[in-house]
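# A structural walkthrough
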Amino acid sequence: MLIINAILLFLLDFYIFFALRATKIQFVKTKWFTFIWWGYSISLLVGLFISAKFDIPLIIRSVILVAFFMTAVCKFIYVIILLIDDVRRGGIWVSRLFKPKKDVETIEEHIEELEAPLPEVPKKGISRSEFLLRSGVVVASLPLLPLAWGVISSAYDYRLRRQKLILPNLPSSFHGMTIGQISDVHSGSFYNHKAVLGGVEMLLAEKPDVIFFTGDLVNNVASEMYDYQDIFAKVNAPLGVYSTLGNHDYGDYYYGATDSPEKRKNLEDLIKTHKAMGWDLLMDENRILKVNNEELAIVGVQNWGAGRFPKKGDLKKALVGTEDQSVKLLLSHDPTHWREQVLATDVDVMFAGHTHGMQFGVRGENFQWSPAKFIYKEWAGLYEEGDQKLYVNTGYGFLGYPGRVGILPEITIFELVKG
């Protein structure tokens with residue numbers, strides 16, 4: 001990924017640099033501009049390499065990642081604007097190749113017209129290409145403000161979302177029971193202990209009867225939880241806290257996809273962390289919850305995701321022993337599991353996370369949108385097929401970009417309703 005990022009950034013820099021040099025902006029033709037332009041890009045890549053390969057303070061790593069993300073977004077937008085102008089100019093050039101000679105003069109006049117000063121400034125105007133290049137700088141800079149605000153204000157702006165789950169077969173003793181859900185903590189990204197604790201206190205203030213955690217406790221390694229274990233150990237509920245693993249919890253993105261003693265030890269340490277916090281980690285297994293001699297099943301599977309994501313979960317194994325239960329609640333990290341396997345079973349509700357809502361978009365009571373919708377059919381909130389339901393939590397933490405724009409960190413409170 002470092003190599004890919006380096007090549008991508010270099011290509012963007014190369015293309016934009018020479019496009020700017022072709023304008024009439026005098027500063028971009030100076031040695032100072034060349035030094036600043038390439039010096040910043042090289043410093044950014046060096047910082048990215050250091051943050052990935054060395055143990056540096058998290059706040060410094062976060063600053064580097066924010067700078068890289070925001071720079072890449074702005075340059076990508078500017079490249080699109082440049083490409084539009086190049087395609088326009090290229091189309092004219094191709095037209096000249098295929099037009100009869102008698103039309104060449106007409107085409108040349110057309111080119112002169114396109115490159116002529118804009119009508120609103122006829123004497124000292126700029127060509128259309130020049131206008132696109134200059135205005136493109138402004139347009140490409142527009143994302144800087146919301147992206148910066150997403151880091152400063154929204155990364156820890158926890159929001160409670162309430163959802164009723166109407167279940168026809170719910171035993172009467174569980175009518176009105178509340179469930180709290182958090183997902184995708186990604187503790188390796190945190191840099192504000194007080195804010196993280198504030199979110200936990202928001203969850204506990206709701207006094208849910210039971211709490212679900214649906215995977216991705218860390219980014220890469222179990223040690224990321226050392227500074228936050230005491231905070232999340234406060235997460236408790238009268239009927240228990242149940243958890244499962246996400247794709248990041250296995251260490252694949254740090255140790256690689258192949259098995260190794262270090263990777264196994266890391267997973268063992270992570271499992272011990274769940275236990276130390278008092279969380280009941282469900283590894284393809286289930287628990288029978290009893291209230292007033294009535295029961296329902298809480299089922300948990302290891303990560304199972306479509307495409308390139310780990311398929312470690314064994315749903316059939318997890319459901320063994322739940323055949324006589326009238327209601328089954330499933331914890332499974334990846335929402336793609338629902339359509340791939342879960343809908344073929346008698347699971348009533350699946351609780352998932354994973355998508356983060358891509359940490360960018362719009363989410364209201366009756367409308368939501370995010371680029372995540374182009375990747376995941378189910379990416380945030382409640383989905384239903386017949387009597388079966390899926391809820392996708394958009395996550396407690398963040399990954400990569402250390403902020404959120406529009407899609408805020410979520411704490412979900414469910415109420416079970418017999419009906």
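Let me sum up the structure you'll find in this document.

Scoring rules and cut-offs
Residues numbered from 1 in each chain as written. Predicted model: local features only at pLDDT ≥ 70, side-chain atom pairs only at ≥ 80, totals over all residues. Heavy atoms only, no water. Patch = residues over 30% accessible without salt bridge, like charges linked within 9 Å, V, L, I, M, F, W, Y side chains within 5 Å. Areas by Shrake-Rupley, 256 points an atom, 1.4 Å probe, with all protein chains shown as cover. Salt bridge = Lys/Arg side-chain N within 4 Å of Asp/Glu carboxyl O. Helix = DSSP H or I, 4+ residues; strand = E, 2+ residues; numbered from the N terminus. Pairing = 2+ DSSP bridges. Axes fitted to C-alpha atoms, helices over the stretch in contact; angles between N-to-C directions. Expected span 1.5 Å × (residues − 1). Buried < 20%, exposed > 50% of the residue type's maximum accessible area, 1.4 Å probe, protein only. Arc of directions from axis to C-beta. Contact = heavy atoms within 4.5 Å. Polar contact = N/O pair within 3.5 Å; in protein donor to acceptor, adjacent residues only side chain to side chain. Right-handed = clockwise from strand over helix to strand, strands pointing away.

## Quick look at a nonpolar patch on the surface
The grouping of Met358, Phe360, Val362, Phe367, Trp369, Phe374 and Ile375 at the surface amounts to a nonpolar patch, some 730 Å² of accessible area in total. Of note, methionine 358 is situated in the loop between strand E9 (349-352) and strand E10 (362-363).

## Examining the sheet that holds strand E13 (residues 388-392)
Pairing within the open sheet is mixed, and its six strands lie in the order E6-E7-E8-E9-E13-E12. This sheet does not close on itself; its edge strands, each paired only once, are strand E6 (285-291) and strand E12 (381-385). Strand-to-strand twist in this sheet, taken as the mean axis angle between neighbours without regard to direction, amounts to 20 degrees. Where E6 meets strand E7 (residues 294-300), seven bridges bridge the pair, whose relative direction is antiparallel. Bridge assignment links valine 291 to a residue of E7, and that residue is glutamate 294.

## Description of helix H7 (residues 193-205)
The end-to-end C-alpha separation of H7 is 18 Å, in line with the 18 Å expected for 13 residues at 1.5 Å each. Listed in full, the buried residues belonging to H7 are Val196, Gly199, Val200 and Leu203. Down the axis of H7, the buried side of the element spans an arc of 95 degrees, and every buried residue falls inside it. Of the exposed residues in H7, the ones pointing more than 90 degrees away from its buried face are Lys194 and Ala205. Buried residues in H7 make contact with strand E2 (178-182), strand E3 (210-214), helix H8 (229-232) and strand E14 (410-418). By the N-cap criterion, in which a side-chain oxygen at the helix start approaches the backbone nitrogen of a residue two or three places on, H7 is capped by asparagine 192, the distance to lysine 194 being 3.2 Å. Immediately downstream of H7, the backbone of lysine 207 shows phi near 50 degrees, a positive value.

## What to know about the pairing of E2
The buried fraction of E2 amounts to five of the five residues, a majority that puts the element mostly inside the structure. Taking every second residue as pointing to the same face, both faces of E2 are buried, with Thr178, Gly180 and Ile182 on one and Ile179 and Gln181 on the other. Relative to E14, E2 runs antiparallel, the two being bridged by four bridges. Bridge assignment links glutamine 181 to a residue of E14, and that residue is threonine 412. Summarising the sheet, E2 and E3 pair through four bridges and their orientation is parallel. What sits directly across from glutamine 181, in E3, is phenylalanine 212. Regarding topology, H7 serves as the crossover connection from E2 to the parallel E3, and that connection is right-handed.

Purely geometric numbers; function is a separate question.
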